[in-house]
Structure formats: structure tokens, C-alpha cells
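# A closer look at the structure
Listed here are the chains, written in short residue letters.
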Amino acid sequence: MDQKILSLAGEKTADKLQELLQAVKEDDLANLLQNQAVKGKAAGALLRAIFKGSPCSEEAGALRRLKIYIRSIQLVESGDLQKEVASEILGLLMVEVHNFPGPLLVELASEFVSVIKEGRLKNGKSLELLPIILTTLAAKKENVAYGKGELSGEECKKQLINTLCSGRWDQQYVIQLTSMFKDVPLAAEEVEFVTEKVLRMFSKLNLQEIPPLVYHLLVFSSKGNRKKALEGIITFFNELDKQHNEEQSGDELLDLVTVPAGELRHVEGTVILHIVFAIKLDCELGRELLKHFKTGQQGDFSNNTCPFSIALLLSITRIQRFEEQVFDLLKTSIVKSFKDLQLLQGSKFLQNLVPHRSCVSTLILEVVKNSVHSWDHVTQGLVELGFILMDSYGPKKILDGKAIETSSCLSKKPTQHACKLGADILLETFKIHEMIRQEILEQVFNRVVTRASSPISHFLDLLSNIIMYAPLVLQSCSAKVTETFDYLSFLPLQTVQGLLKAVQPLLKVSMSVRDSLILVLRKAMFASQLDARKAAVAGFLLLLKNFKVLGSLSSSQCSQSIGASQVHVDVHSRYNSVANETFCLEIMDSLRRCLGQQADVRLILYEGFYDVLRRNSQLANSIMQTLLSQLKQYYEPKPDVLPPLKLEACILTQGDRICLQEPLDYLLCCVQHCLAWCKSKVMPPQQEKEEEEEGVYQDLEDLLESITSRMIKSELEDFELDKSADFSQSTCVGIKNNICASLVMGVCEVLIEYNFSISNFSKNKFEEVLSLFMCYKKLSDILNEKAGKGKTKVANKTNDSFLSMKFVSDLLTALFRVLIWRYTSIPTSVEDSGKKEKGKSISLLCLEGLQKIFSAVQQFFQPKIQHFLRALDATGEEGEEVEGSVTHRAAFQIRQFQRSLLNLLSSQEEDFNGKEALLLVTVLSNLSKLLEPSSPQFVQMLSWTSKICKENSQEDALFCKGLMNLLFSLHVLYKSPVILLRDLSQDIHGHLGDIDEDVEMEKTNHFAMVNLRTAAPTVCLLVLSQAEKVLEEVDWLITKLKGQVSQEMLSEEASSQATLPNHPIEKAIIMQLGTLLTFFHELVQTALPSGSCVDILLKDLCKMYTILTALVRYYLQVCQSSRGIPKNMEKLVKLSGSHLTPLCYSFISYIQNKRSQSLKYTGEKKKGKTAAVATAMARVLRETKPIPNLIFAIEQYEKFLIHLSKKSKVNLMQHMKLSTSRDFKIKGNILDMVLREEEEDEDDDDDNEGTASEHEGQDKEPAKKRRKK
């Protein structure tokens, strides 16, 4: 039969072929085709012959063709055919599709859809035919029967696609189906159907099948709906990450969640590569991705991002056109995230409304951790981001060239957190990726060298951390390190010290690097530049500190640990120590040569020797010998000669230039500290000491003893520094005397400490200490007196004290036991007036010292606060639990100072000491920061502070400000302070009176601390500042809501469901603004004095209306949902129309009237003094500048209310009164009159004033314009 069909097909006409085929049953024909195809015998030729004999113009032929199509598709799917045969059959089917009539195309397509939905596909090969069928169907112009009606070809195609997307897809054919759709012309709605279906299928696939599906989805997205495709991919991986981290096994994602982390990360990495590749081909995809992240940034960056999305953004930076945009987006998002975190930490109101979010630092460092799984495309972006953050947000240079550094974590600004994050990214990336290490190091070293004039401490810290992590790894980069050493001579001293300290572990493992450094330092020692020589000394001292000689004491007393690198080095510890001894003695020889150089170089040496001695005790003999021989050069050996020191030799005179040659005070200070340390640490354990070494110590002790006794005997005349001496900075003698005086005072300080330390509390030694202090004081008084007489006080620059912290603390303990005991045991009120000096009693000085100590510990020693509080509480039990102990101990100290403040407030008015009260409040503020806000102790502190403010009336403005600040700082961590603000505004209104003088005020007395003296400007400015903070919080919440709405409005379904969770936030916003409105309602009726109070109130009112406008615009966004406008929003609008807007206009008139009176008064009082009038005018202009801004803000608010009224069908304007006309028209007749007045002589002044006063009552605006002129 097949041969017959083929032979007839070869004829020119197809009539006989048609007759033959009609005679054969369709099933037999189909079976014949199947047999031929399976055998691989000329199936293609047979199929062509059948098509030739089955023309679509005849119904029978078309139906036969349909039957053959269906059987051919089944054949291709069966997998029984050879690959070539299957491809040939499919090719023929594709070519002939366009001949089908519409109804049969619909039937064929429907059959395909049924096969897919019912899961009858075997290998999906036949899916290549479906796009051509759908495309041909869509092109049919005539209507075809579909279901119960008739539809156009395009409509039929749409229905078929809808049916296909709503049905079940077999897991193994999802990728092929997605790929198939890219060849079908689709409308936007159909693209959305398909995209949503594919995204729903993600969760049903195995993890390894996701990357190819993503690839085909991205190719398909070029038809449209890119945004939805990208968002779906990001959301899927975000959820997957969350579930993986939580180790929860959901029903749908069981296989995905339980896969190893490595496999998941590899899949994510592949998906990111596919997305980046797709963006390179389709830039619109990249723009949509950036738009998605920017929209998310408006709401909440931490909630809208995940490690996967950040990794994706970083990968896109490899595409040049998106690089800058992505880094800018990440930079601003990171800083915004830290700012949001700071805002949340400082407000209990926001903490209650906004759930805890993951910190942006955690997310980005998670990306670094994940990048270990072959995410090479992310690594470069991470490195660039790290450096961008460090460059942009590192410490900034200030006037004296130093950077502002804060060590306390709490006090760090968002920009400082961003800089720290940059350093963390680079350090963690360095640890994980070997390939990138060289680049990171090179960039760090380049910045250290090229940015010498800017603060680079953050880069030095990063370098130190990198080297501490892996000093051996850096041996491969030793060439870069030695290259950097060549620039040491040109770098500032601070940078040199930081750099050498950072590379110190590397010097221990690399002899070549160490040798290179020594060569550079020796060369720098004889350089012509002073900075180079200073750098050389600093470098050598650092080497001495870190290369221990055999037998040195352990460095447990020292502040800096040697580092983990010692593990690699100390294997041959004995050999190293012996070699180190030779090395260190060579350095000591080099340093001795420095003793003949400038004072600045010697000073660095003297400051460094003590640290070297503590770290390398075996060098004690060498150091002490050096110091002794140096000191002897300036010591007068004859015991009867006064003074005992040769001050003349310390000063160098070169023509007219006089400068310090030997910083004798620093030399003596170094001797004193080194001697004390050697006696306490080195001598006792070592009984058998060399006579030579003991002799050095004895010589130094004798020498210091001799200097002490002779300094006490010396008079100022012996130093030629009595009252008659010249101390002016303009003469050579004056400069020389100033240098000598500074040296003598320094020597006195050093001798005071030395004698106190060896005194063992003996009376004789203490008398010597007092005598030395009297010498110091006489000289200090003379210098102060001379400086006071001079025109400038530049010469009166305070020198650094030589007294060590240990000495100061020992001395204070000896005098007062402890400061806190002295203050609490002997209050200032019972102190003898004879003990007072310059208005400050000893107890007050103790309190001042305590306050400074509390501040310093909190700012610089945050981790040691618990130990500090334990030390304060001598009776505390050591066994007390660590948990909560900081709060308990702080509360105990707080109670002591609360009692002191209560005693002070309950004393007679004349005995009240404002300075003491302010210091106590400052101490309480410092201690209250240590309380946990959720603890009962914190609540007790808040209620106590509130009670003090309510029950005590003090007129001391500074004390009032300190106490109210304390109240607010506590209140915001407990709940929102809006009720507090409202009560305080009523008190201010009551004390200052109303702007309408006829109104009788009923005084409220919520807070006695508010009185006529403190109400304005002290309390008024404070409450306005707090109101501004509340407005900022509300503004932040509204921005957050707007960001959420813009994301939720993607689909109506999402929008309607997601508006409900916002309801508590909306309610809180309206409540805050309502209470603030009553707060402003009181203040705009208050007769505030001109100046800052009025100015800031106008600005805050402007901000209030701007935020009300923002809220109205938010409701314009969401009122399209069925929810409409809440009732409390209508009440807020009503309240603003009745209680605020009219009063704002009255307040503006009040200010303008005051201005008119002020100008008139100034003009009358100082007639003829043009300068005085001009000054008054300038002040008035400055004060009234915010008025136009306020009026504009009010009018904008009313404009958007009108829009909202129309959209919501609620009349919100019924409570709004028409605004005062403020168009400031120029009235011609009055303008002419003013111009004529200016031309008249001064003799007509009285007439002019009369004319002006006639018009003053009619229209004040032109009169105002006249005054401006």
C-alpha cells in the first residue's frame, strides 16, 4: 500500500491519489504511517504523499490530515522513532500547519493543550509544533467556533493560552513549555499569564532545574513584564534563603530546604550569571531591576533586600553602564538603613510600631560568606563596594589636621557604621578569596601612601587586621610592602607609626621585609627633613618594642598583644631571642645618635623609651645608661650650686632665632618612669645583679634626690624668672624666658610625682612635694599674670601635664579616699568657706571630677563599664549574676546622686548652687544611659525625674535645661513624649500670656520647673526641638507607608490584602499629629518674645503642615481601595482647620505688629542714626523670613485636601476657613504718596508722620513696604 501511495504521489495530478486515500480507512492509513516511521523507511515521503492527497479545501481531506497530525504527534512523543525520522516528521508538520482551516486548528491546538494538562507528554519533542499552530491560529481573520460561541483567531489563541496556564504542567516539561512560549506572539495580558504560571512552577521543581528555567524565563521576558519576572525570581530565592536558614521543611519546598547549603549557593550563583548575561543582551531588563530596588529603597531597604538580591546587584556592576548607578544605590541604601536603625534605637514609639529588621551589615556580610561557593562574579563588586564605603565615609579632616574618632559603638554616626562595614567586607573577602588578596593589599597600601594629608586610620586598622589574620600569606606580597617603606620619609609621623604597627607581625616572619625596613630607617635617620628623622626614631622604637630579647619579662602588663603570628615564629624562640639581642643593641646605637638632633626628635625618643623598657626588659641597662649620660650633660654636679640644672644649655640661639634644644622635662620624666618600673619589675626577681647595672640605678636615684633638694632651695631669681622678667613673645629674651619657665614647671611636675611615688607616705617627702608645688604655682601665676596683661593670649597655651594617670588617681585617693565618698560624705553646703577657691568648693571639684570620669568611661571604655561599676561599689558581692548587673549597679549609684540632688533642692533658696545641681543632673544623665529601658529601675528613674520637674521651681536656666533634657531622653525610650509636650506648652502659654492682651489666662501648673524665667527661651526651645524630632519620626513612618503602597499596588489583590497591616501605623501617625496639633495650638497663642523662639516655632509649623500634606498625599494614593479615609483622619483635618490654621494667621499678624512697633520705636529713639535703624530692619527681616514659607505650606495642604475631597467623596474642606488674602498688591496712590514723602525735606518730618498714620489703620501692607525701602 505504501508503495502504491508513493507512486501515485509522483504523478502530476493528485486525483488518483485522493481516490486511493479516500478508499483507505483513516486508522489504517495512520497505522501504515506508524509502521513505516518505526521501521525508519521513507516515512517523510509517505507523509508528503498523504498531505498531497489530502487537500484542506475538501472537508474529508482536512479531517484526514487532522487525524494524521494527531497520530504523528503521538509518534514523535512515543520515543520509538529514530531522531532523524522524528525531526523530519516534525519539519513536515510545521510546514503544512498554515493550510489548516480555523476550526481544525482550534481542534488541533485543543488536543495539544489536553495532552499537556493531562500529563500525556512523553519527551516534549512535539512542543516545537505548538508555537506555529498558535501563531497560525492568531493570524486567521474569520471567526471560528470555540466552546458555545464564535471567536476570532486571536481570541481563540488567548483562551487556549489561558487554559494552558491554568492547568497542571508536568514538572519535567516546564522548561520546554517556557521556551516554547518565546516563539508565540503574545499580547501583554498573555505574557502576564505565562510569567505568573512559570513563577508558580519554581517551587515545584528540583533545585538543579531552576537555572535553565530562569534563563528561558528571562529570554521570554523580552516580550514584556520584565519587572514581574525579576521580582518573582528574587522573591523565590529570598524565601528559599529564609527557609534554609530557619531549617524548616515546608510541604512544597521539602526537597529544596533540605539540600546542602553549598548546592543552594551554586544554584544561586548560576542564576545570577544568567540574569547578568540577559541584562547584557537586554538593557531594559537592567533598568527594570534598578527601578525595582529604588522603589524598595523608598520603603524599607532591609525588608526589601536579601543576600541574593545584593549579590545580584554587585554582579551587575561588571556591566559598565550600570556600575555607577548600582554603587550609588547601594551606598545611599546602606547609610539610609543605618540612619533608620539609629532612629529606631532612639524611639520606643517607633520600636512598638515597626518590627525588628535584619541589619544591612548582616545581609552584606552574608553575601561575602556565600561568595565562597564560586561566586567570582560577585567578588570584584564586593571589593569595590568595600573601598567605596571606606573612601566615602571614613574619618574627615578637621581644622588642626586630626580626625574625629569615637570608640563607643552607641555614639557612632551612620556614616561611621558604613565605613566600618566597608572594612569588614574587605577583611572577610580577603579571608575567603585568595585570588583577590593581592588587589586588596595593593589598594590599601596605595591609599596609605597617596592620602597622607587625609586621615587614614581606618585603612591602617584594616591593614593591621589583615596582617594579624595571615602574616605568612603576606610574604608573597613583600615587594609591595618594601615599596611602601620607600615612602616612609615623606609620610606624616602618625601615618608612619600606624603603618609600622600594622606590619609588625610581618616583620617577625619575613627577614627580607625587616632588613628592607631597617635600611630605610637608617637612611631616614640622616635625612635633611625633620619629619623623616622623626619617622626613623618612631620606627626604631617600634622594632625595639616588638623584638624581645631572651630573658625579658612577659608582656602581660602591656597594652598591645603580639598577635597570632607568634605561633609561626616562636618555634625557635631561643634562637630568635639571641638574634634579637644583637639586633636591638644595633638599634640602640642608632638611637643614641639621635640625642644630638632637634628637640622634636629627642622628644619622640624620650616618650618611647618607657614603652620599650616595659616590653623588652633586658634592654633596661642600655636604656638607663643612655638616659643617665644624657641627663648628666644638663646636671650641675656641685651640690652647692643653684639651680641644679643647666637651663641655658637646653636652649639654642641662632642669631635672632631662639628654640628649645633639649626637652629636659621630657628627659627627666622618662628617667623617672623608667627608674620606677625597673625598681618594681626588674630588680626584685633578679637577686644577682651586675654591679654596673645597680650602680646606674643608684646614680639616677642620687641625682634625682639632689635635683629635688636643690630645686626646693632655688628661688625664681635663680632661674632669672621672677616677676620683673620679660615674658613677651615679641622679644628674644621673652621667648627664652617662656621656654625656661615651661622647662622649670615641667621639671617640678616630674619631681612631684617621683617624690610622691617613693615617699611611702612620709611627712618629709610630702613637705618636699608641697614645696615643689609652690614653686610650680608661683611660676604659673606669673605667666598667667603676664599673659593677661598682653593684648593677645596666644602665649598662654596650656602645656601637657607630665603627671601620669596613676599618680593622679593615687594622689586623689590619698586626699579624699575616693571622689564619690568625699562628695557624698561632706556636702558642699556644710563645707567650711575657708576651703573654697575661686568659687568652687573641694566637694564641688570632686563632683566635677566624677562627672568627667563617668563621661570618659562611657565614651572611651564602653566594654569595661561593668568592671568600673563594680569597682565603685566596694560592698558589692562578687557572686552577683552578670546578667542585669550593669543596670543594678548603675541604679545603686543613681540613688546616691538622687539623694544629693534632693538635698540641694530642699535647701534654702540662697544656698542653692546652680553649678552643683547641673553637674548632678549631668552625672545622672550619664548613669541613666546604662539602665536597660525595659527594666523597673529605668521606669523608677523616669518617674523620679518627672516628679522633680513637676514639684520643683528653680529659676536657673542651665539647670532647668539639663533636667528637662534628662526627662526627654528618658521619656522617648519609654513612650512618645507628645502628651508631655502638650502639657508643657500649656504651662508656657500660662506663664507668658496670650497674644490677645484682653484674654485672661488660666494658669496650668503641670510642671513647676516652667516659670516666668525659664518658660522662654529655655523650655520653649527645648519643647520645639523635641516636637521637631517627633515630626521627623512621623515623616519617616509616612515615607515607609508610601513605599509599601507603591509596591503593593502592583496587583489589586495584593493591595486590598496588604492595606490592613498598615492600619495601626496610620492610627499612630494620626494620634501623634493630633496631639502635636494641640501643642502648636497653645504655642501660636502664646506671647513669645522676639528672637529664636518665634523663628523656630514658624519653621516647625511649616514642617507640621508639610507632614500633614504628606499624609493627605498618602491617602490620595490609597483611597482608591474600598477602605476610604478613616474617621480619625477626618477628625484630624477638622482639628487643623478649627484649632491651628486660623491661629497661625493671627500669630503672623501678631509678629508683624510687633515688628512695626519695634521699627517705630527704634526710629523714634535713634532718629538720625541710620545704622541703628538698618540693624533693626535686618533683624526684623530675618525673623519674618519663615512667614512666606509657612503660608505656602498651609496653602499646599489645603490644595491637596481639595484633591482628596474630590477623590474620596468626603467634604474635608467644610472645616477650613478661607485664608487671609496675602497677594500683596501694590496700591498706586499710596506708592505715589511714599515716593513724594522721600523727596521732602527733613523739616517736614512731622507732616509725613501724620500722613503715614492716616493710612496705617486702613492697610498695613503698603506701610510695611515703605519701611523695607
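Keep in mind the model is a prediction, meaning the values are calculated, not measured.

Criteria and thresholds
- Residues numbered from 1 in each chain as written.
- Predicted model: local features only at pLDDT ≥ 70, side-chain atom pairs only at ≥ 80, totals over all residues.
- Heavy atoms only, no water.
- Helix = DSSP H or I, 4+ residues; strand = E, 2+ residues; numbered from the N terminus.
- Buried < 20%, exposed > 50% of the residue type's maximum accessible area, 1.4 Å probe, protein only.
- Contact = heavy atoms within 4.5 Å.
- Areas by Shrake-Rupley, 256 points an atom, 1.4 Å probe, with all protein chains shown as cover.
- Core = buried A, V, L, I, M, F, W, Y, C linked by side-chain atoms within 4.5 Å.
- Expected span 1.5 Å × (residues − 1).
- Axes fitted to C-alpha atoms, helices over the stretch in contact; angles between N-to-C directions.
- Nonpolar A, V, L, I, M, F, W, Y, C, P; charged D, E, K, R; others polar.
- Pairing = 2+ DSSP bridges.
- Phe/Tyr/Trp six-rings, centres within 6.5 Å; stacked < 30°, edge-to-face > 60°.
- Lys NZ or Arg CZ within 6 Å of the ring centre and 35° of its normal.
- pLDDT = per-residue confidence, 0-100.
- Polar contact = N/O pair within 3.5 Å; in protein donor to acceptor, adjacent residues only side chain to side chain.
- Patch = residues over 30% accessible without salt bridge, like charges linked within 9 Å, V, L, I, M, F, W, Y side chains within 5 Å.
- Salt bridge = Lys/Arg side-chain N within 4 Å of Asp/Glu carboxyl O.
- Parallel < 35°, antiparallel > 145°, perpendicular 65-115°, else oblique.

## Considering the overall build of the protein
The number of helices and strands found in the protein is 57 helices and four strands. Scored against the burial criterion, the 1269 residues of the protein give a buried share of 51%. Restricting the contact set of the protein to residue pairs at least 6 apart, pairs at least 24 apart contribute 74%. As displayed, the protein offers around 61,100 Å² of accessible surface, 52% of which is attributable to carbon and sulfur atoms.

## Things to note about the nonpolar core
In this structure, Trp169, Phe202, Ile233 and Ile275 are the most contacted members of the largest nonpolar core, which totals 128 residues. With nine residues, the single largest contributor to this core is helix α7 (residues 102-117). Excluding its chain neighbours within four sequence positions, the residues that come into contact with Trp169 are Ile116, Leu164, Val174, Leu177, Thr178, Phe181, Lys197, Val198 and Met201. Membership of the second largest hydrophobic core comes to 126 residues, among which are Ile865, Leu924, Phe938 and Ala1015.

## Observations regarding helix α19 (residues 320-345)
Given 3.6 residues to a turn, an α-helix orients residues that are three or four positions apart in the same direction. For α19, with 26 residues, the first-to-last C-alpha span of 38 Å sits near the 38 Å given by 1.5 Å per residue. Considered for burial, the residues of α19 that qualify are Phe322, Val326, Phe327, Leu329, Leu330, Ser333, Ile334, Val335, Ser337, Phe338, Asp340 and Leu344.

## Some words on the packing of helix α22 (residues 376-393) against helix α25 (residues 457-469)
The geometry of α22 relative to α25 is characterised by a closest axis approach of 10 Å and an angle of 145 degrees between their N-to-C directions. Residues Phe387, Met390 and Asp391 of α22 form the contact with α25, whose own contacting residues are His458, Phe459 and Leu462. Per-class residue counts for the contact of α22 with α25 are four nonpolar, one polar and one charged.

## A short note on the pairing of strand β4 (residues 657-660)
The pairing of strand β3 (residues 651-654) with β4 spans four bridges and is classified as antiparallel. Its bridge partner lying in β4, Leu652 is registered against Cys659. Once β3 ends, the chain turns through two residues before running back antiparallel as β4, passing Gly655 with a positive phi of about 65 degrees.

## Concerning the packing of aromatic side chains
Scanning all chains against the criterion turns up 18 aromatic pairs. A ring pair is formed by Trp169 and Phe181, whose centres lie 6.2 Å apart and whose planes are at 20 degrees; its orientation type is stacked. Pair noted here: Trp169 is in the loop between α9 (153-166) and α10 (174-181) and Phe181 is in helix α10, with a separation of 12 residues, a long-range link. Neither residue differs from the other here; Trp169 and Phe181 are each classed as buried. Here Phe236 and Phe237 contribute two aromatic rings whose centre-to-centre distance is 5.2 Å and whose plane-to-plane angle is 75 degrees, an arrangement assigned as edge-to-face. The class for Phe237 is buried, based on a relative accessible area of 0%. In textbook terms, an aromatic cluster arises when at least three aromatic residues are bridged by ring pairs, as seen for Phe202, Phe236, Phe237 and Phe308. Lying across the ring of Phe430, Arg437 places its NZ or CZ 5.2 Å from the centre. Directly above the aromatic system of Phe583 lies the positively charged group of Arg514, at a separation of 4.2 Å from the ring centroid.

## Section: the confidence of the model for the protein
Of all residues in the protein, 83% have pLDDT values of 70 or greater, and the mean over the chain is 81. Counting contacts from residues 248-257, a segment whose pLDDT is below 50, to residues more than four positions away or on other chains yields 20 contacts. Segment residues 791-796 is flagged for pLDDT under 50; beyond a separation of four residues in sequence, or across chains, it makes six contacts in the model.

## Description of the side chain of Ser309
Locating Ser309 in the fold gives a position in helix α18 (residues 307-316). For Ser309, the side chain forms a polar contact with the main-chain oxygen of Cys306, separated by 2.8 Å. Each residue touching Ser309, except ones within four places of it in the same chain, is listed here: Ile234 and Phe293.

## So, unusual backbone geometry
In this structure, the amide linkage connecting Leu642 to the following residue, Pro643, adopts the cis form with an omega of -10 degrees. The topology assignment puts Pro643 in the loop between α33 (620-632) and β3. With an omega of 0 degrees, the peptide bond running from Ala1016 to Pro1017 counts as cis. The residue Pro1017 is located in helix α47 (residues 1015-1048) in this model.

## What to know about a nonpolar patch on the surface
On the surface, a nonpolar cluster with roughly 320 Å² of combined accessible area is contributed by Tyr215, Phe277 and Leu281. Tracing the sequence through the fold places Phe277 in helix α15 (residues 261-281). A residue is classified by how much of its surface remains accessible, and Phe277, at 43% relative accessible area, is partly exposed.

## Describing the pattern of salt bridges
Tallied over the full model, the rule gives 32 salt bridges. One salt bridge in this structure joins Arg265 and Glu268, with 3.0 Å as the shortest N-O distance. A residue pair is termed a helical-turn pair when its members lie 3 or 4 positions apart in one helix, as Arg265 and Glu268 do in helix α15 at three residues. Classification of Glu268 by relative accessible area gives buried; the value is 0%. In this structure, Lys336 and Asp340 form a salt bridge, with 3.3 Å as the shortest nitrogen-oxygen distance. Taken together, the positions of Lys336 and Asp340, both in helix α19 and four residues apart, correspond to about one turn of that helix.

## Considerations on the packing of α18 against α22
Look at α18 against α22: their axes get within 8 Å of each other, and the N-to-C directions meet at 85 degrees. Here α18 lies roughly perpendicular to α22, going by the angle between them. Contacts between α18 and α22 involve Ala311, Leu314 and Ser315 from the former and His377, Val378, Gly381, Leu382 and Leu385 from the latter. For the contact of α18 with α22, a count of residues per class yields five nonpolar, three polar and no charged.

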